[in-house]
Amino acid sequence: YTAYDLEKLKQAGDRLFSIFKIPEDAVVVNAFPYAPHLAFWQTFYGIRSKNIRALQTGGGKILGTERILDALENMQATVLAAMPGYAYHLISKAVEGKRNFENLKYVIFGGERIPQGLRKKIKSLLQKVNCKDPIIIGTYAFTEGKVAWGECCEGSGYHLYPDTEYIEIVDEKGRQLPPGDRGEVVYTGLDFRGSVLIRYKTGDISSIHTEKCKHCGSTVPRIDANIERSSDIKKIKGNLVNLNELHKTMAEHKDINEWQLEIGKKNDDPYEMDEVTLFINPIKDANTDALQKLILHHFHNQWELTPKIQILKKEELIKKLGMETELKEKRIVDKRPK
């Protein structure tokens, strides 16, 4: 980023907060991890652009989860900005501590996908800390794009900035696809002066909508909210397996708190067969035997896989995920030799 680019980041933040309809008297707690991390700085510059009162916590690694909870409660925060997985962890802790978030109205997510099941779980938890009718808003970004794009309401798609970038959807051969067709998101920066990319292949699969947004009336193009990562399509035991659906399946299961999938080699031998292990932390009072049978049935039907299932304590799994120490939680870990 040059100084010029930082002004563009601030402008994008102003646009985001306008799309979200965040009021000027809002109180924001920014719980994104502090680092050269787009989600943190986009939120920071969005707050600056609107001159909104806020606390930049740096996330669990910097301020710590308990102090962030204290801030949300004592500052009577109206907006929480965080990674989806960390937000779920944070609000779960709030429920355990019987916190009062009656002023919280908006939860802004960035950095990771937001399965519908996770939205529902977080809304349910928020109601237990006196947060009525919360609005959960998603953003989409990648480091090379320099800015983030947001949805005006749940599921609207991510509103783009056609004056600063050109985004295409292409097929396997790089040919541009018409609006509505799914393919790979390809990015070209138009109005930046630091690193500038031309037709950068993101590895994300989605589509573009060009009709007027039925929710807010905006006429700028929108990237469809249903985004898959090509990096989550893995070759396991000789078969291509699309693990994008796993995020949705795990998030929607009412008896699963946290999860992580690990792909490795049997006995850590690079010449042995692939081995899949699913670590889960069930909710209290869940029937773990029935849950394991259901998971095994689903894996076999969906991907013809039979994972080992290990049940971990919540604290153990939070540590494995890097929830309070990493920039992003590690949901799918491929430990096989390259």
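Residues numbered from 1 in each chain as written. Predicted model: local features only at pLDDT ≥ 70, side-chain atom pairs only at ≥ 80, totals over all residues. Heavy atoms only, no water.

**Q** If you had to explain the packing of helix 1 (residues 3-20) against helix 2 (residues 38-50) to someone new, which residues and values would you point to?
**A** Across the interface, helix 1 lies against helix 2 with an axial gap of 7 Å and an inter-helix angle of 75°. Comparing the axis directions of helix 1 and helix 2 gives the class roughly perpendicular. Two secondary-structure elements touch here, helix 1 through Leu-6, Leu-9, Lys-10, Ala-12, Gly-13, Asp-14, Leu-16, Phe-17 and Ser-18 and helix 2 through Leu-38, Trp-41, Gln-42, Thr-43, Tyr-45, Gly-46, Ile-47, Arg-48, Ser-49 and Lys-50. Counted by class, the contact of helix 1 with helix 2 contains nine nonpolar, six polar and four charged residues. (Axes fitted to C-alpha atoms, helices over the stretch in contact; angles between N-to-C directions. Helix = DSSP H or I, 4+ residues; strand = E, 2+ residues; numbered from the N terminus. Parallel < 35°, antiparallel > 145°, perpendicular 65-115°, else oblique. Contact = heavy atoms within 4.5 Å. Nonpolar A, V, L, I, M, F, W, Y, C, P; charged D, E, K, R; others polar.)

**Q** Outline the layout of surface pockets, listing residues and values.
**A** There is about 1,000 Å³ of room inside the largest pocket. Looking at the largest pocket, it is lined by 47 residues, and the ones nearest its centre are Glu-112, Arg-113, Ile-114, Tyr-158 and Arg-229. Mapped by element, the contributors of at least two residues to the lining of the largest pocket are helix 1, helix 2, strand 4 (106-109), helix 5 (116-127), strand 5 (135-141), strand 10 (200-206), strand 13 (228-229) and helix 6 (244-252). Its residues placed into classes, the lining of the largest pocket shows 21 nonpolar, 13 polar and 13 charged. (1 Å grid on protein atoms, 1.4 Å probe; cavity = no way out; pocket = protein on both sides within 12 Å on 5 of 7 lines; lining within 4 Å. Points joined across faces, edges and corners; volume = space filled by probe spheres on them.)

**Q** Could you give me a rundown of the side chain of Ser-218, with the residues and numbers involved?
**A** The residue Ser-218 is located in the loop between strand 11 (208-209) and strand 12 (222-223) in this model. There is a polar contact of 3.3 Å between the side chain of Ser-218 and the backbone nitrogen of Val-220. Dropping the residues within four chain positions of it, Ser-218 is found in contact with His-159, Glu-211, Lys-212 and Cys-213. (Polar contact = N/O pair within 3.5 Å; in protein donor to acceptor, adjacent residues only side chain to side chain.)

**Q** Tell me about the sheet that holds strand 18 (residues 308-311), residues and numbers included.
**A** Taking strand neighbours across the sheet as the criterion, the four strands line up as 18-17-16-19 in an open arrangement whose pairing is mixed. Where the open sheet ends on each side, the last strands, each with one partner, are strand 18 and strand 19 (332-334). Averaged over all adjacent pairs, the angle separating strand axes in this sheet is 20°, with direction ignored. Direction of pairing for strand 17 (residues 274-282) relative to strand 18: parallel, over a ladder of four bridges. Across the sheet, Phe-279 pairs through a bridge with Gln-310, a residue of strand 18. (Pairing = 2+ DSSP bridges.)

**Q** Before we move on, can you summarise the state of the cysteines with the specific residues and values?
**A** Taken as a whole and assessed by the stated rule, the structure comprises zero disulfides. As a non-bridged cysteine, Cys-152 has Cys-213 as the owner of its nearest cysteine sulfur, 3.8 Å distant. Of the cysteine sulfurs around Cys-216, a residue in no disulfide, the closest is that of Cys-152, at 3.8 Å. (Disulfide = S-S within 2.5 Å.)

**Q** Would you mind going over the pattern of salt bridges in detail, with residue names and values included?
**A** Applying the stated criterion to the full structure yields 26 salt bridges. Between Arg-336 and Asp-274 there is a salt bridge; the shortest N-O distance is 3.1 Å. Of this pair, Arg-336 sits in the segment after strand 19 while Asp-274 sits in strand 17, and the two are 62 residues apart along the sequence. The pair formed by Arg-336 and Asp-274 is uniform in burial state, with each residue classed as buried. (Salt bridge = Lys/Arg side-chain N within 4 Å of Asp/Glu carboxyl O. Buried < 20%, exposed > 50% of the residue type's maximum accessible area, 1.4 Å probe, protein only.)

**Q** Please give an account of empty space enclosed by the protein that cites residues and values.
**A** For the structure shown, the criterion picks out one cavity of 30 Å³ or more. Put simply, the largest cavity is a space of about 190 Å³. Contributing to the lining of the largest cavity are 17 residues, with Pro-115, Leu-118, Ala-251, Trp-259 and Arg-331 lying nearest its centre. Those elements that provide at least two residues to the lining of the largest cavity are helix 4 (84-96), helix 5, helix 6 and strand 16 (256-265). Sorting elements by how many residues they give to the lining of the largest cavity places strand 16 first, with four residues.

**Q** Can you tell me about the packing of aromatic side chains, naming the residues and giving the values?
**A** The final tally for this structure, using the stated rule, is 14 aromatic pairs. Taking 5.7 Å as the distance between ring centres and 65° as the angle between the ring planes, the aromatic pair formed by Tyr-140 and Phe-142 counts as edge-to-face. For the residue pair Tyr-140 and Phe-142, the accessibility class agrees, reading buried in each case. Among the aromatic residues, ring-to-ring pairing joins Tyr-140, Phe-142, Trp-149, Tyr-158, Tyr-187 and Tyr-200 into one connected group. (Phe/Tyr/Trp six-rings, centres within 6.5 Å; stacked < 30°, edge-to-face > 60°.)

**Q** Give me the lowdown on the environment of Tyr-200, citing residues and values where you can.
**A** Inspection of the secondary structure puts Tyr-200 in strand 10. The class of Tyr-200 is partly exposed, set by a relative accessible area of 25%. With 126 residues separating them along the chain, Tyr-200 and Asn-74 place their C-alpha atoms 44 Å apart. Aside from chain neighbours lying at most four places away, what touches Tyr-200 is Glu-144, Val-185, Val-186 and Tyr-187.

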